[in-house]
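The primary structure of each chain is shown beneath.
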Amino acid sequence: MADETAGENTYIVDAESPAETARLINLDRIITQTMGGALVGIDSPNKLHNILDLGCGPGGWVLDVAFALPDAEVEGVDISRVMVDYANARALTQSLPNASFGKMNIAQPLDFPDASFDLVNARFLTGVLLRDRWPGFIAECTRILRPGGIIRLTELIDSGVSTSPAFERLQHLIYQALWQNGYGFSIDGRTLGMTHALPRMLRASGYQHLRHMGFGLEFSVNTPGWIDFYRNAEIGYRLGQAFYVNAGIITSEEFEQLYQQMLIEMHSDDFFGMWHYMMFIGTRP
Ligand SMILES: C[S@@+](CC[C@H](N)C(=O)[O-])C[C@H]1O[C@@H](n2cnc3c(N)ncnc32)[C@H](O)[C@@H]1O
């Protein structure tokens with residue numbers, strides 16, 4: 001696998017940050033759990049031989065699938081050297097020789113031959129790929145899938161809805177910042193604007209048997225999801241601060257105040273919230 005990351009890195013946080021690695025390790029656990037497992041939506045997993053995860057982060061999804069399907073070869077690629085090294089170390093310590101990870105920029109043509117995978121998976125790329133890269137990205141997924149191969153995309157509907165005014169304000173600002181900077185397909189920057197756009201793009205690329213499933217993670221205070229979501233928010237918004245401020249929609253001082261207020265409000269006895277996301281599956285003709 002080539003160690004190439006030519007081209008611009010458009011991820012909205014620093015992909016080499018150890019804090020981001022830690023955030024994604026935790027995020028993977030809670031998301032896979034709320035979805036009901038790594039291969040939810042796949043009808044006959046045992047028929048899969050070559051599987052790829054694009055933008056795999058620290059590799060949790062790949063490792064779960066490699067464990068569940070010991071006869072399959074499961075690969076993950078990510079732009080972050082830190083995450084790829086961590087993921088390869090985990091494959092070794094978990095004795096999963098069928099899991100491997102490499103560094104690759106998925107916003108560029110993918111360094112894989114045509115028709116080399118039975119399943120191409122990707123999760124949470126809204127803040128990775130600019131909106132004008134999505135059609136090319138799906139075309140590349142299609143090229144590397146075998147006929148009859150499956151594409152499986154999971155994206156956020158929102159970044160959480162809650163009773164905290166500061167949290168809500170930060171959501172509205174991130175939607176606006178993403179939209180202004182060319183991410184997502186919202187028409188006015190009031191939503192993330194991904195989940196309504198994906199089915200159309202998949203249909204345009206010829207995918208058949210399109211299906212979608214919706215999921216929710218409750219992060220209300222005193223529920224099992226709260227602590228993980230809280231930690232994710234604490235790290236994620238801190239790492240995202242530069243993106244907010246560079247978008248020119250908030251000053252550093254205003255951000256700091258909202259961020260601290262959000263953390264306080266998330267501890268309130270009457271704090272409740274829900275995070276929503278969707279998975280899309282289609283078959284390559
Ligand atoms: C929001 S995280 C999602 C990680 C993982 N898919 C998950 O669901 O847990 C986005 C990931 O994409 C990676 N990434 C960002 N830009 C990338 C690029 N141009 N090519 C490959 N990976 C990229 C980041 O390093 C990060 O691991």
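Above this text you will find the structure in question.
The shown structure was predicted, so the numbers you read here are calculated from the model rather than taken from an experiment. (Residues numbered from 1 in each chain as written. Predicted model: local features only at pLDDT ≥ 70, side-chain atom pairs only at ≥ 80, totals over all residues. Heavy atoms only, no water.)

### Some remarks on the nonpolar core
No. 1: One finds Ile51, Phe101, Tyr237, Tyr244 and Met262 to be the most contacted residues of the largest nonpolar core, which totals 66 residues.
No. 2: No other element matches the 8 residues that helix α5 (residues 165-180) contributes to this core.
No. 3: If near-sequence neighbours (up to four positions away) are discounted, tyrosine 237 is found in contact with Ser159, Phe167, Leu170, Gln171, Asn232, Tyr244, Phe255, Tyr259 and Met262.
No. 4: Core analysis: the second largest hydrophobic core is formed by 30 residues, Leu54, Leu129, Ile151 and Leu153 among them. (Core = buried A, V, L, I, M, F, W, Y, C linked by side-chain atoms within 4.5 Å. Buried < 20%, exposed > 50% of the residue type's maximum accessible area, 1.4 Å probe, protein only. Helix = DSSP H or I, 4+ residues; strand = E, 2+ residues; numbered from the N terminus. Contact = heavy atoms within 4.5 Å.)

### Concerning the site of the ligand
No. 1: By nearness alone, 17 residues border the ligand, and Gly55, Asp78, Asn105, Ile106 and Arg123 come closest of all.
No. 2: Here an oxygen atom of the ligand and a backbone polar atom of glycine 57 are 3.5 Å apart.
No. 3: The separation between a nitrogen atom of the ligand and a polar main-chain atom of isoleucine 106 is 2.8 Å.
No. 4: Notes on the ligand: free accessible area 590 Å², of which the protein chains cover 97%.
No. 5: Here the ligand is seated within the largest cavity.
No. 6: Its residues placed into classes, the shell around the ligand shows 10 nonpolar, 5 polar and 2 charged. (Near = heavy atom within 4 Å. Polar contact = N/O pair within 3.5 Å; in protein donor to acceptor, adjacent residues only side chain to side chain. Areas by Shrake-Rupley, 256 points an atom, 1.4 Å probe, with all protein chains shown as cover. 1 Å grid on protein atoms, 1.4 Å probe; cavity = no way out; pocket = protein on both sides within 12 Å on 5 of 7 lines; lining within 4 Å. Sits in = over half its atoms within 2 Å of the grid points. Nonpolar A, V, L, I, M, F, W, Y, C, P; charged D, E, K, R; others polar.)

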